[in-house]
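Observations on the three-dimensional arrangement
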Amino acid sequence: MTTDIIEQTEQEVQLTPAQLESLRAEVLDKIIVARVGLLLRHPFFGNMATRLVIKECDEWCPTAATDGRHLYYNTQFFSKMTTKEIEFVIAHEILHCVFDHMKRREDREPQLHNIACDYIVNNTLMDQNIGEKPKDVQIFQDYKYSGWSSEAVYDDIYKKGKKAMEQIGKLLDEHIDWEKEEGAGAGKGKNKDKKDGGSRPVYSKAEMEQIKNEIKEGMLQSAQAAGNENLPEAIQRIINQFTEPKMNW
C-alpha cells in the first residue's frame, strides 16, 4: 500500500474532456498489454497484477498508487511511458504491497521512509529485469543497498537528510496513508485531498487489516501459479514465512 507527493517531470497539459477520455482509453490499453506481458514473462507479478482493479486517479494523484486492491494511474503520467515502462511501474506497486512497506513505517519520517522503500523495490525490479526503468523519472536505485532491509536503508539515508535525497532522485509513485484518521467517522468513505482537490478512498483499521490478508492470499496463490523457480529470492523468503510451520518451543 503506497505514497508522498512528488513533482511531475513535465507539467501536465490542459486537455479537453474529449481528449482526456481518448487518452484514457489509450492508456488503459497500454496497462492491459503491460499486465499480459508480466503474466507471460514474470508470472508472480502478472498474477498479482490481475487482482488489482485498474482505476484512473487524475483528480488526486499525479503519478501512480495502490491501496492493495486498485492500481491507480494518472492518465498523462502513464501516457508518456512505453508498455515496458508501465510493466516496471505496475511491478513497483505490487512490491510495495508484498513488502508491507506502509505498515513498516511506524514513526519514521514519511518522505525518507518512502525513499528507502523505493530503493528496495527498484533494486529488486532491476535485478529481475522486470520491465524497463522509466526514462522520464530519475528513480531512487543503488545496488549499494542490495540485500538491505528498508529499515536499514532508512537509517543510512536519514544521516543525509531529506533535502540531500530530493536532489538525488524522485519517487515513482504516491505512498499514501490509506488508513482513516481517528475520529474521522466509521466505515469506508472518501477523503478529500486538499492539495489536489480530488478525492481518494480511505479505510478503517479493520478494513486495512482485511486488505493485508487479501494481499497475503494473493501472494500465496500467485507464488503457486508462478512456481518457486520464478520467484525472486526476497519474495521466496516471505512466502516461506507464511507457509513454514511455527515451532512452539
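Residues numbered from 1 in each chain as written. Predicted model: local features only at pLDDT ≥ 70, side-chain atom pairs only at ≥ 80, totals over all residues. Heavy atoms only, no water.

**Considering the layout of surface pockets**
Rules: Only protein atoms enter the 1 Å grid used here. Points where a 1.4 Å probe fits but cannot escape make up a cavity, open sets with protein on both sides within 12 Å along at least five of seven lines make up a pocket, and a residue lines them when an atom lies within 4 Å of a point. Grid points are joined across faces, edges and corners, and a volume is the space filled by probe spheres set on the points. Any residue that is not Ala, Val, Leu, Ile, Met, Phe, Trp, Tyr, Cys, Pro, Asp, Glu, Lys or Arg is counted as polar, Gly included; the first ten are nonpolar and the last four charged.
Counted as a void, the largest pocket has a volume near 700 Å³. Around the largest pocket sit 31 residues that line it, and Phe99, Ile120, Ala234, Arg237 and Ile238 are the ones nearest its centre. Each residue belonging to the lining of the largest pocket can be placed in one class, and the counts come to 13 nonpolar, 10 polar and eight charged.

**Concerning the confidence of the model for the chain**
Rules: Values of pLDDT, ranging from 0 to 100, describe the predictor's confidence in every residue of the model. Only heavy atoms enter the contact rule, under which two residues are in contact if any of them lie within 4.5 Å.
When the pLDDT values of the chain are averaged, the result is 86; 86% of them are 70 or greater. Counting interchain partners and residues more than four positions distant, the pLDDT-below-50 stretch residues 3-10 has 33 contacts. Counting contacts from residues 183-189, a segment whose pLDDT is below 50, to residues more than four positions away or on other chains yields 13 contacts.

**Some points on helix H2 (residues 43-50)**
To keep things clear, this is the line we draw: Any residue under 20% of the maximum accessible area for its type is buried, any over 50% is exposed, and the rest in between are partly exposed; the area is computed with a 1.4 Å probe on protein chains only. In this description a helix means any DSSP run of H or I spanning at least four residues, a strand means any run of E spanning at least two, and both kinds are numbered starting from the N terminus.
Among the eight residues in H2, six count as buried, and that is most of the element. Among the residues making up H2, those that are buried are Pro43, Phe44, Phe45, Gly46, Met48 and Ala49. Check the buried side of H2 and you find it contacts helix H1 (17-41), helix H4 (83-98), helix H5 (110-127), helix H8 (205-226) and helix H9 (233-243).

**Focus: the state of the cysteines**
Disulfide: a covalent bond formed between the sulfur atoms of two cysteine residues. Short version of the rule: For the purposes of this analysis, a disulfide is any pair of cysteine sulfur atoms at a distance within 2.5 Å.
Using the criterion set out here, one finds zero disulfides in the structure. Of all cysteine sulfurs, the one in Cys57 lies closest to Cys61, which takes part in no disulfide; the gap is 3.7 Å. Relative accessible area serves as the criterion here: at 1%, Cys61 is assigned to the buried category.

**Side note on the pattern of salt bridges**
Where charged atoms from two side chains of opposite charge come close, those side chains can pair. Heads up, the condition is: Whenever a carboxyl oxygen of Asp or Glu lies within 4 Å of a side-chain nitrogen of Lys or Arg, that contact is scored as a salt bridge.
Taken as a whole and assessed by the stated rule, the structure comprises 15 salt bridges. For the salt bridge of Arg105 with Asp177, the shortest nitrogen-to-oxygen distance reads 3.1 Å. Residue Arg105 is located in the loop between H4 and H5, and its partner Asp177 is located in the loop between helix H7 (162-166) and strand S4 (189-192); the two are separated by 72 residues in the primary sequence. You can call Arg105 buried: its relative accessible area is 16%. Close ionic contact of Arg237 with Glu233 constitutes a salt bridge, the shortest N to O distance being 3.3 Å. Residue Arg237 and its partner Glu233 are located together in helix H9, separated by four residues, close to a single helical turn. Looking at Arg237, the relative accessible area reads 46%, which means it is partly exposed. Judged by relative accessible area, Glu233 falls into the exposed class, the value being 57%.

**Quick notes on a nonpolar patch on the surface**
Put simply, the test is: Patch membership requires more than 30% relative accessible area and the absence of a salt bridge. Residues of like charge join within 9 Å; the nonpolar side chains Val, Leu, Ile, Met, Phe, Trp and Tyr join within 5 Å. The method behind every accessible area is Shrake-Rupley, applied with a 1.4 Å probe, and residues are considered shielded solely by the protein chains displayed.
A contiguous nonpolar patch, built from Leu28, Ile32, Val36 and Leu40 and spanning about 340 Å² of accessible area, is present on the exposed surface. The residue Val36 is located in helix H1 in this model. Given a relative accessible area of 41%, Val36 falls into the partly exposed group.

**What to know about the nonpolar core**
Counted only if it meets this: The definition of a nonpolar core used throughout is a set of buried Ala, Val, Leu, Ile, Met, Phe, Trp, Tyr and Cys residues joined through side-chain atoms within 4.5 Å.
Residues Phe44, Phe45, Phe78, Ile90, Val98 and Ile157 are the most contacted members of the largest nonpolar core, which totals 62 residues. Looking at this core element by element, the count peaks at nine residues for H4. For Ile90, the contacting residues outside a window of four places in its chain are Ile31, Ala34, Arg35, Leu38, Ala49 and Leu71.

**Let's talk about the environment of Gly131**
Inspection of the secondary structure puts Gly131 in the loop between H5 and helix H6 (150-158). Among the residues examined, Gly131 registers a relative accessible area of 17% and is labelled buried. When the C-alpha atoms of Gly131 and Ile86 are compared, they prove to be 7.3 Å apart, with 45 residues separating the residues in sequence.

**Points about the sheet that holds strand S1 (residues 53-56)**
Note the cut-off: We call two strands paired when DSSP finds no fewer than two bridges between them. Axes here refer to lines fitted to C-alpha atoms; in helices the fit is confined to the stretch in contact. Angles between the N-to-C directions go from 0 to 180 degrees.
One open sheet accounts for three strands, arranged S1-S3-S2; its pairing is mixed. Strands with a single pairing partner mark the edges of an open sheet, and in this sheet they are S1 and strand S2 (64-66). Averaged over neighbouring strand pairs, the angle between their axes works out to 20° when direction is ignored. Alignment of S2 against strand S3 (residues 70-73), held across three bridges, turns out to be antiparallel. Its bridge partner lying in S3, Thr66 is registered against Leu71.

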